Amino acid sequence: MGIVLPIQINTSGSNSVATSHPGFNPEKFYTNTTANRSVLRSDGGYANNFYFSPIFLPKCNLTGIGCDITDNSGIGKKLRMGIYTAKDGVPKDLIFSTGEIPVETNSEKIVTLEKSLPGGQYFTAYLASDTFRIASVHENDCANTGYLIGVDLPGDKLPAGLRYEFPYGEMPQVFNPEDLTKKACTRSPLIFFRLSVNA
């Protein structure tokens, strides 16, 4: 069973709740449209690496965010999750961050929240103090990255997401990749959302 952490999320802003969508059950978790779960290796969750995965979300009310840590938990280890706006193929403005989540057991890490979003393309964000084996998505299952991130040449592999070397800590309000070292991203953490879309 997952651990539900009642962490407070900053909900300031004027975004309104959704108007219509037939498919979402507010009791379930949802993730990227083209994603197969993989936990065979740990390279989906290196320590001190900022991971981003593109995701489309309808106009909605987010009520939860989560991931699944399957190995290497321990006392003093921690992670953060969040979501950024997307601009020019990279993350831009932080919409929210969970704050620090302890990872003392191998289990789902779930944070409850209440945040309204307009529909559009976003980036999920993941940052950890330690290298965890985490449910992740492989580059071969990431067709949506070809649309939002793009590649240099048609023969290039589609990445699983974006990955930058970044010291563990608070997620920046504005992400600036210019001074960061970009790394190959063959796997990226799967971030799940609970959401409701109200008529």
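Note: the structure precedes this text.
Conventions and cut-offs
Residues numbered from 1 in each chain as written. Predicted model: local features only at pLDDT ≥ 70, side-chain atom pairs only at ≥ 80, totals over all residues. Heavy atoms only, no water. Helix = DSSP H or I, 4+ residues; strand = E, 2+ residues; numbered from the N terminus. Buried < 20%, exposed > 50% of the residue type's maximum accessible area, 1.4 Å probe, protein only. Contact = heavy atoms within 4.5 Å. Areas by Shrake-Rupley, 256 points an atom, 1.4 Å probe, with all protein chains shown as cover. Phe/Tyr/Trp six-rings, centres within 6.5 Å; stacked < 30°, edge-to-face > 60°. Salt bridge = Lys/Arg side-chain N within 4 Å of Asp/Glu carboxyl O. Core = buried A, V, L, I, M, F, W, Y, C linked by side-chain atoms within 4.5 Å.

Enquirer: Looking at this model, I keep getting lost on the overall build of the protein chain. Mind explaining?
Expert: Check the secondary structure of the protein chain and you find one helix and 15 strands. Looking at the protein chain residue by residue over its 199 residues, the buried ones come to 48%. Considering only contacts within the protein chain whose residues lie at least 6 apart along the sequence, 82% involve residues at least 24 apart. Carbon and sulfur atoms make up 49% of the accessible area of the protein chain, which totals about 9,500 Å².

Enquirer: Would you mind going over the packing of aromatic side chains with me for this structure?
Expert: Pairs of aromatic rings are described using the distance from one ring centre to the other and the angle between the two planes. Evaluated as defined, the whole model comprises eleven aromatic pairs. Arranged with centres 6.0 Å apart and planes meeting at 65°, the rings of Y51 and Y126 form a pair that is edge-to-face. Of the two residues, Y51 sits in strand β3 (residues 49–57) while Y126 sits in strand β9 (residues 120–128), which places them 75 residues apart along the sequence. Given the relative accessible area of 1%, Y51 is considered buried. The class of Y126 is buried, set by a relative accessible area of 1%. Ring geometry for F52 versus F123: centroids 6.4 Å apart, planes at 85°, classification edge-to-face.

Enquirer: Could you clarify how one ought to interpret the pattern of salt bridges in this entry?
Expert: If charged atoms from side chains of opposite charge come close, those side chains can pair. Under the criterion given, the structure shown has two salt bridges. With its nearest N and O atoms 3.5 Å apart, the salt bridge here joins R80 to E100. On the criterion of sequence distance, the pair formed by R80 in strand β5 (residues 78–87) and E100 in the loop between β6 (90–97) and β7 (101–102) is long-range, its members being 20 residues apart. In this structure, K183 engages E165 in a salt bridge whose closest nitrogen and oxygen atoms are separated by 3.6 Å. Of this pair, K183 sits in strand β13 (residues 182–183) while E165 sits in strand β12 (residues 162–165), and the two are 18 residues apart along the sequence.

Enquirer: Honestly, the nonpolar core in this entry has me stumped. Any pointers?
Expert: Generally speaking, a soluble globular protein has its nonpolar side chains buried in company with each other. Judged by nonpolar contacts, the single largest core of 29 residues is most densely connected at L62, L79, Y126 and F193. Those elements that provide at least two residues to this core are β3, β4 (60–71), β5, β6, β8 (108–117), β9 and β15 (192–196). Counting 14 residues, the second largest nonpolar core, distinct from the first, contains F52, L94, F123 and M171.

Enquirer: Would you explain the environment of F96 in this entry?
Expert: Residue position: F96 is located in strand β6. On the basis of relative accessible area, F96 is assigned to the buried category, the value being 3%. Separated by 29 residues in the primary sequence, F96 and A125 have C-alpha atoms spaced 9.8 Å apart.

Enquirer: How do you make sense of the environment of F193 when you look at a structure like this?
Expert: Mapped onto the elements, F193 comes out in strand β15. Since its relative accessible area comes to 0%, F193 is described here as buried. Considering only alpha carbons, one finds F193 and I65, 128 residues apart in sequence, at a separation of 4.5 Å.

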